[in-house]
Amino acid sequence: MAARSKMPDARPLVSYRDELRTALSAEGYAPGTVAKYAGLLAQLSGWLAVEGLAPPELTEEMMARFVDARPALGYRTVVTVAGLSPLTRFLRDAGLLTRTAASRVGDPQAAVLAAFDGYLRRERRLAPLTVQTTVGVVRRFLIWLAAHDGEHLSRLSAPKVQAYVLSEADRLSVGATRTVLSSLRVFLRYLLAAGVLPADLAVTVPSVAGARFAGLPRCVDAATVQALLAAAATGTAARRDVAILTLQVRLGLRAVEIAALRLDDIAWRSGELTVHGKGGRIERLPLPGDVGESLVDYLRHERSRTASERAVFLRALAPPGPMARNAVVMVSRTASRRAGLPIVGGHRLRHTAATNLLRAGASLREVGQVLRHTSDTTTAVYAKVDRAALDLVVRGWPEGSR
């Protein structure tokens, strides 16, 4: 909905219900959902009247106060600030919602993160997902820093950085800790270049111990895969989620690659799938029959035919639009919980695809091609689970040995 140019008047918010209904219906929300938000708008209008406030005084902070006050007003339905986002967006677009005083002044932490985000995108030219991950790590670091004596960035010290690293290493895996360390180094070098720090504290960030290929690739067995598919088939977007899981199990596609799939990427006549991979690489994969069947089932019977989006996988709830990478991540996790299984993430399904290829007789080079590895070293980890090849080099146990 386009923002209106006129200033908001002093009408009670309840008088905007018809405009809200029109806006949400145009975004694709179901009639029941539209009615729910119209009711919440009336409740918000009544709360403002009780508080003696006029609509032009409404702020984001007051929306949070309204959520907290609802139980005392006798409303039993649980509502969160995040759940009010369609209503909040309408009020903001209509010019009826202003920022809080703190937001208008400017949050120093937000300013630092915004500048760092711009640096990663413009100067470093990093991929959007890498930027999101790096900024997320730095955001957690700044929150931790503010909670520990409220130390200012200009007074940041090596002991403080190392204390944070140790606190994160205690709760994270080796791989996740490496992500934290690399993100911190980039941020500290940025602070030096920006003149915030007088010295390069990136050199004080410790390394994490642990060999890269020390463990075995963790895959799941056929029974677990079937349980995941069966659980996904009972969800709201059953056909979509089954197609996503099939892509992960059969071709080892990453969540970001699945989210990036477009209708034009599926070449039905030649039986190929164009994958937009890491580092901007574009590669073609053969489209197995069962993967094609799951995609056809979703596209014919579940995906909205009126959607103008060219993305293959769309959100199940309004407003319509392509699935985000994190939404794809949650498909296997949600199916795991529904099936009563330990959480099975996308990486385990990717390992499962590689292991199944080896068991079917594929070579390590062929596995690397399907998984789109840039180095044979990355694929070499699967040699540990290639039982057929390992049996050829294992020496027999000497007879009579104890």
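On a predicted model such as this, the values are computed, not experimentally measured, just so you know.

On to helix 10 (residues 222-232). Buried within helix 10 are the following residues: Thr224, Val225, Leu228, Ala231 and Ala232. Projection of helix 10 onto a plane perpendicular to its axis shows the buried side chains occupying an angular sector of 130°, all on one side. The exposed set on the far side of helix 10, more than 90 degrees from its buried face, consists of Ala222, Ala223 and Gln226. Elements in contact with the buried residues of helix 10: helix 11 (238-251), helix 14 (325-339) and helix 15 (346-359).

Attention shifts here to the pattern of salt bridges. Under the definition given, this model contains 12 salt bridges. Among the salt bridges present, the one from Glu283 reaches Arg281, with a minimum N-O distance of 3.0 Å. For Glu283, a relative accessible area of 21% translates into the label partly exposed.

Here we have 3 strands laid out as an open sheet, ordered 1-2-3, and antiparallel in their pairing. Both outer strands of the open sheet, strand 1 (266-267) and strand 3 (282-286), are each paired with one neighbouring strand and no more. Summarising the sheet, strand 2 (residues 272-276) and strand 3 pair through 5 bridges and their orientation is antiparallel. Following the sheet pairing, Thr274 is matched in strand 3 by Arg284.

Right, let's talk about the side chain of Ser45 for a bit. Position of Ser45 relative to the elements: it lies in helix 2 (residues 31-51). Since its relative accessible area comes to 9%, Ser45 is described here as buried. Excluding its chain neighbours within four sequence positions, the residues that come into contact with Ser45 are Pro12, Leu13 and Val14.

Right, let's get into the packing of helix 2 against helix 3 (residues 60-69). Viewed as axis vectors pointing N to C, helix 2 and helix 3 meet at an angle of 95°, and their least axial separation amounts to 11 Å. On the basis of the axis angle, helix 2 is roughly perpendicular to helix 3. Taking contact as the criterion, the partners of Leu40, Gln43, Leu44, Trp47, Leu48 and Glu51 in helix 2 are, on helix 3, Met62, Met63, Arg65, Phe66 and Ala69. A breakdown of the residues in the contact of helix 2 with helix 3 according to their chemical character gives 8 nonpolar, 1 polar and 2 charged.

This part is about the nonpolar core. Residues Leu247, Leu253, Leu273, Leu295 and Phe313 are the most contacted members of the largest nonpolar core, which totals 34 residues. The set of elements that each furnish at least two residues to this core consists of helix 10, helix 11, helix 12 (255-260), strand 2, helix 13 (289-301) and helix 14. Sorting elements by how many residues they give to this core places helix 11 first, with 6 residues. Formed by 29 residues, the second largest nonpolar core is a distinct cluster that contains Trp144, Val180, Val186 and Leu191.

Reading guide: rules and limits
Residues numbered from 1 in each chain as written. Predicted model: local features only at pLDDT ≥ 70, side-chain atom pairs only at ≥ 80, totals over all residues. Heavy atoms only, no water. Buried < 20%, exposed > 50% of the residue type's maximum accessible area, 1.4 Å probe, protein only. Helix = DSSP H or I, 4+ residues; strand = E, 2+ residues; numbered from the N terminus. Arc of directions from axis to C-beta. Contact = heavy atoms within 4.5 Å. Salt bridge = Lys/Arg side-chain N within 4 Å of Asp/Glu carboxyl O. Pairing = 2+ DSSP bridges. Axes fitted to C-alpha atoms, helices over the stretch in contact; angles between N-to-C directions. Parallel < 35°, antiparallel > 145°, perpendicular 65-115°, else oblique. Nonpolar A, V, L, I, M, F, W, Y, C, P; charged D, E, K, R; others polar. Core = buried A, V, L, I, M, F, W, Y, C linked by side-chain atoms within 4.5 Å.

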